[in-house]
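# Structural overview
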Amino acid sequence: VTARLPTGDSVDVLLYGATVLSWKSQGGQTENLWLSEAAKLDGTKAVRGGIPVVFPVFGPPPPNHATSSLAQHGFARTSRWEFLGKSTSEDAADSASVKLDFGLYSSNLPEEARKAWPHDFSLVYSVTLGKDSLQTVMNVRNEGSEVFEFQMLLHTYLRVKVRIPPLPTSFPCAEAFAG
């Protein structure tokens, strides 16, 4: 799902994992997210890069916990999300924005995930593109009668330029860092 502003700024979100793959600012000239060249975008595995959604557990699940049957980082990043729609705001020429909403529900999970984490829930993930800005918001709702614990994070991979100054030649191992 792609959203683009008249300024050229854009965002691309994959329905598999609701992963933000690309966010371009400065009129579409600057890519702000890192995406691995080896990233699989066909739904066969979690995307490496962008902004993956991690829910209901971060990292390896702790033993003897409600999430202990789940894979590392849970199931949100490896589930197909529903595109709920797009809304726009046009407050002023330079402050226009586009919001994309995505949903994931316990009723849409594969049987294996439901068995591993049998709680009734809904997630609504909103990605809002503005001029030179991106906002992400996750709403988690307990749809059942039992309380449950969860962890959630948006695991952002920012593309940054790193400039390392040359090391002095007298520095031990300087030649290993040259080039």
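As shown above, the structure is provided for reference.
The structure presented is a predicted model; accordingly, all values stated were derived computationally and were not measured.

Thresholds applied
- Residues numbered from 1 in each chain as written.
- Predicted model: local features only at pLDDT ≥ 70, side-chain atom pairs only at ≥ 80, totals over all residues.
- Heavy atoms only, no water.
- Phe/Tyr/Trp six-rings, centres within 6.5 Å; stacked < 30°, edge-to-face > 60°.
- Buried < 20%, exposed > 50% of the residue type's maximum accessible area, 1.4 Å probe, protein only.
- Helix = DSSP H or I, 4+ residues; strand = E, 2+ residues; numbered from the N terminus.
- Pairing = 2+ DSSP bridges.
- Contact = heavy atoms within 4.5 Å.

## Considering the packing of aromatic side chains
One pass over the structure, following the stated rule, counts 12 aromatic pairs. Ring plane angle 55° and centroid distance 6.1 Å describe the contact between Phe148 and Phe150, whose orientation is recorded as tilted. Following the ring pairs from residue to residue traces out a cluster consisting of Phe55, Phe75, Trp117, Phe121, Phe148 and Phe150.

## Details of the pairing of strand S7 (residues 97-105)
Buried residues dominate S7, accounting for seven of its nine residues. Relative to S7, strand S6 (residues 82-89) runs antiparallel, the two being bridged by seven bridges. In the strand pairing of S7, Glu82 is matched with Gly103. In this structure, S7 lies alongside strand S8 (residues 121-130), joined through nine bridges in antiparallel fashion. Its bridge partner being in S8, Lys99 is matched across the sheet by Thr128.

## Some thoughts on the side chain of Thr128
Mapped onto the elements of the fold, Thr128 is located in strand S8. In this structure Thr128 comes out as buried when scored by relative accessible area, which is 17%. Once you skip the residues sitting within four places of it in the chain, Thr128 turns out to touch Ser97, Val98, Lys99, Ser133, Leu134 and Gln135.

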